[in-house]
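Report on the structure
One-letter residues, chain by chain:
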Amino acid sequence: MITGITGQDGAYLAKFLLEKGYEVYGIYRRLSTPNFWRLQYLEIFDRINLVPADLTDEFSLLESLKISDADEVYHLAAQSFVGTSFEQPTSTAHVTGVAVTSMLEAIRHYNPHIRFYQASSSEIYGDGHTTILNENSPFKPSSPYAAAKLYGYWMTRIYREGYDIFACNGILFNHESPLRGLEFVTRKISNTAAKIALGLEDELLLGNLDAKRDWGYAPDYVEAMHMMLQHKEPDDFVIATAETHTVREFCEKSFEELGLDWQDYVKVDKRFFRPLDVNYLCGDYSKARENLGWQPKTKFEELVKIMVREDLERWERWQNGEKFPWDASNYPDETKLITRALRS
Ligand code: NAP
Ligand code: F7E
């Protein structure tokens with residue numbers, strides 16, 4: 001069972017697990033505009049069992065375990081945007097932090113043999129580092145999001161050590177793809193650069209261009225999540241590429257891919273700066289390589305190309321009258337969704 005199946009990682013992980021022969025369940029919450037476009041885009045929507053639940057409703061999480069009777073739970077759902085966590089710190093604490101405990105409690109009561117993956121984050125290291133980070137580096141969160149993730153990290157360890165639950169933290173550094181939300185900086189750049197190249201936009205407004213991130217490719221990273229739950233012992237692992245690049249470099253490469261000079265279009269706008277930012281992140285994935293046999297397959301330049309080319313193609317198709325998958329009416333046949341009524 002995957003929480004967050006409608007998000008970037010959830011969709012790629014679901015596809016990966018289906019290809020391995022898994023029966024996949026995923027929770028979805030009621031939204032005024034349904035959000036199944038990633039599952040439809042990957043052509044897996046019809047192969048997934050969708051269960052209604054919300055992270056702030058702990059009984060719905062317990063119910064989702066009963067319905068799925070899962071062997072493995074991948075807890076990916078969260079309020080995942082750092083910028084929003086400064087605007088909505090309390091709800092971020094509930095959704096990104098406390099819900100980890102709700103899920104662990106549900107597992108402890110329903111079936112303590114379930115293997116549990118927690119989507120931890122490199123944000124827990126916070127700002128002020130200048131060297132490559134591993135599982136033993138100090139944590140100093142610099143945002144409400146990071147503080148909530150650090151709480152989830154420790155609760156995962158507490159349930160592992162205190163209740164013997166097979167619970168792992170994947171400390172994932174940034175990972176991106178054409179399924180990334182448009183508010184994250186990489187997709188904002190690839191999407192706007194593509195529109196600029198086609199004459200649909202004339203500028204790109206960004207915040208801190210000096211921030212450095214270790215950017216990997218999301219489909220590579222979901223494989224690591226699965227590997228952690230197949231490992232003989234539950235443990236915590238850094239997943240990264242061990243390379244770091246500035247936001248400025250991401251701009252430069254993206255526009256270069258389109259034959260343009262980024263400096264002609266990118267403007268700095270103070271609205272996109274955060275009250276606190278993490279200026280440097282770079283991850284050492286040696287432990288994952290040695291223990292899990294995992295390593296990244298896609299490096300920075302290839303990632304930029306994948307994202308820019310895909311956004312360009314989508315906008316070209318749009319210019320030719322095609323609809324984006326997320327513009328299509330994507331409300332599913334209601335009988336496809338498991339409801340408590342249908343279950344009984
Ligand atoms: P994402 O695209 O933002 O997806 C977040 C998912 O959480 C969506 O499915 C969303 O559902 C769901 N969700 C949010 N609030 C919920 C609630 N109250 N109840 C139920 N579901 C809720 O995030 P992602 O990039 O796939 O990341 C997956 C996880 O990894 C997150 O926990 C994120 O914090 C963490 N992480 C991400 C990265 C990265 O670089 N991508 C790195 C480290 C850690 P809706 O579709 O209904 O909104
Ligand atoms: O920002 C800077 C911004 O929002 C990256 C999430 O998946 O990865 C992600 O968090 C950097 C920051 O990702 C803009 O200030 C400049 O320094 O793409 P981002 P993030 O904050 O690193 C971690 C690992 C997670 O766990 C999170 O869930 O880019 N930046 N100008 C900008 N960022 C945005 N979004 N928009 C700008 O205009």
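In what follows, the structure referred to is the one given above.
Source: prediction; values computed, not measured.

**Some points on the overall build of the protein chain**
The number of helices and strands found in the protein chain is 12 helices and 13 strands. In terms of overall dimensions, the protein chain is globule-like: its C-alpha atoms have a radius of gyration of 20 Å, near the 20 Å expected for 344 residues. A total of 344 residues make up the protein chain; the buried ones form 55% of that total. Summarising the internal contacts of the protein chain: among those between residues at least 6 apart in sequence, 80% fall at separations of at least 24.

**Brief notes about unusual backbone geometry**
Non-glycine residue Asp-164 carries a positive phi angle of around 65°. Mapped onto the secondary structure, Asp-164 falls in the loop between helix H6 (144–163) and strand S6 (167–172). A positive phi angle, close to 70°, is found at Ala-242, a residue other than glycine. Mapped onto the secondary structure, Ala-242 falls in the loop between strand S11 (236–239) and strand S12 (245–246). Exposure remark for Ala-242: the relative accessible area of 35% places this residue in the partly exposed category.

**Quick notes on helix H1 (residues 8–19)**
Counted at 1.5 Å a residue, the expected span for H1 with its 12 residues is 16 Å, and the 17 Å between its end C-alpha atoms agrees. Buried residues dominate H1, accounting for 10 of its 12 residues. Those residues of H1 that fall on the buried side of the exposure criterion are Gln-8, Asp-9, Gly-10, Ala-11, Tyr-12, Leu-13, Ala-14, Phe-16, Leu-17 and Leu-18. The positive-phi residue at the C-terminal boundary of H1 is Gly-21, with phi of around 95°.

**A few points about the site of ligand 1**
Among the 25 residues in the neighbourhood of ligand 1, the closest are listed as Thr-6, Asn-35, Leu-76, Ser-80 and Tyr-145. Here an oxygen atom of ligand 1 sits 2.5 Å away from a polar atom, N or O, in the side chain of Thr-6. Protein burial of ligand 1: of its 890 Å² of free accessible surface, 90% is covered by the chains. Looking at the shell around ligand 1, the elements that each hand over two or more residues are H1, strand S5 (115–121) and H6. It is S5 that contributes the most residues to the shell around ligand 1, 3 residues altogether.

**Regarding the pattern of salt bridges**
Inspection of the entire model under this criterion finds 23 salt bridges. A salt bridge links Lys-253 to Glu-256; the shortest N-O distance between them is 3.9 Å. Of this pair, Lys-253 and Glu-256 both sit in helix H9 (residues 247–257), separated by 3 residues, roughly a single helical turn. Residue Lys-253 is classed as partly exposed on the basis of its relative accessible area, which comes to 24%. Between Asp-269 and Arg-271 there is a salt bridge, with the nearest N and O atoms lying 2.6 Å from each other. Three or more residues are tied together by salt bridges with common partners; here these are Arg-157, Arg-160, Glu-161 and Asp-236.

**Comments concerning the site of ligand 2**
Not every one of the 24 residues close to ligand 2 is listed here, only the nearest: Ser-80, Ser-121, Tyr-145, Arg-274 and Asp-277. Within the contact set of ligand 2, an oxygen atom lies 2.6 Å away from a side-chain nitrogen or oxygen of Ser-121. Here a nitrogen atom of ligand 2 and a backbone polar atom of Glu-183 are 2.9 Å apart. In the complex, the protein chains occlude 95% of the 700 Å² of accessible area that ligand 2 would expose alone.

**Things to note about helix H7 (residues 185–197)**
For H7, built from 13 residues, the straight-helix expectation of 18 Å at 1.5 Å per residue is met to within 8% by its first-to-last C-alpha distance of 18 Å. Taken together, the buried residues of H7 touch strand S7 (175–176), strand S8 (204–206), H9 and helix H11 (300–319). At the exit of H7 stands Gly-199, carrying a positive phi of roughly 80°.

**With respect to the packing of aromatic side chains**
Counted according to the given criterion, the structure contains 17 aromatic pairs. Both rings, one in Phe-139 and one in Tyr-153, keep their centres 5.0 Å apart while their planes meet at 70°; by these two values the pair is edge-to-face. Residue Phe-139 is found in the loop between S5 and H6, and its partner Tyr-153 is found in helix H6; the two are separated by 14 residues along the sequence. When its relative accessible area of 23% is taken as the criterion, Phe-139 is described as partly exposed. A residue is classified by how much of its surface remains accessible, and Tyr-153, at 2% relative accessible area, is buried. Judged by centre distance (5.4 Å) and plane angle (85°), the rings of Tyr-221 and Trp-294 are edge-to-face.

Rules of the game
Residues numbered from 1 in each chain as written. Chains lettered and ligands numbered in written order. Predicted model: local features only at pLDDT ≥ 70, side-chain atom pairs only at ≥ 80, totals over all residues. Heavy atoms only, no water. Helix = DSSP H or I, 4+ residues; strand = E, 2+ residues; numbered from the N terminus. Rg over C-alpha atoms; globule rule 2.2 N^0.38 Å. Buried < 20%, exposed > 50% of the residue type's maximum accessible area, 1.4 Å probe, protein only. Contact = heavy atoms within 4.5 Å. Expected span 1.5 Å × (residues − 1). Near = heavy atom within 4 Å. Polar contact = N/O pair within 3.5 Å; in protein donor to acceptor, adjacent residues only side chain to side chain. Areas by Shrake-Rupley, 256 points an atom, 1.4 Å probe, with all protein chains shown as cover. Salt bridge = Lys/Arg side-chain N within 4 Å of Asp/Glu carboxyl O. Phe/Tyr/Trp six-rings, centres within 6.5 Å; stacked < 30°, edge-to-face > 60°.

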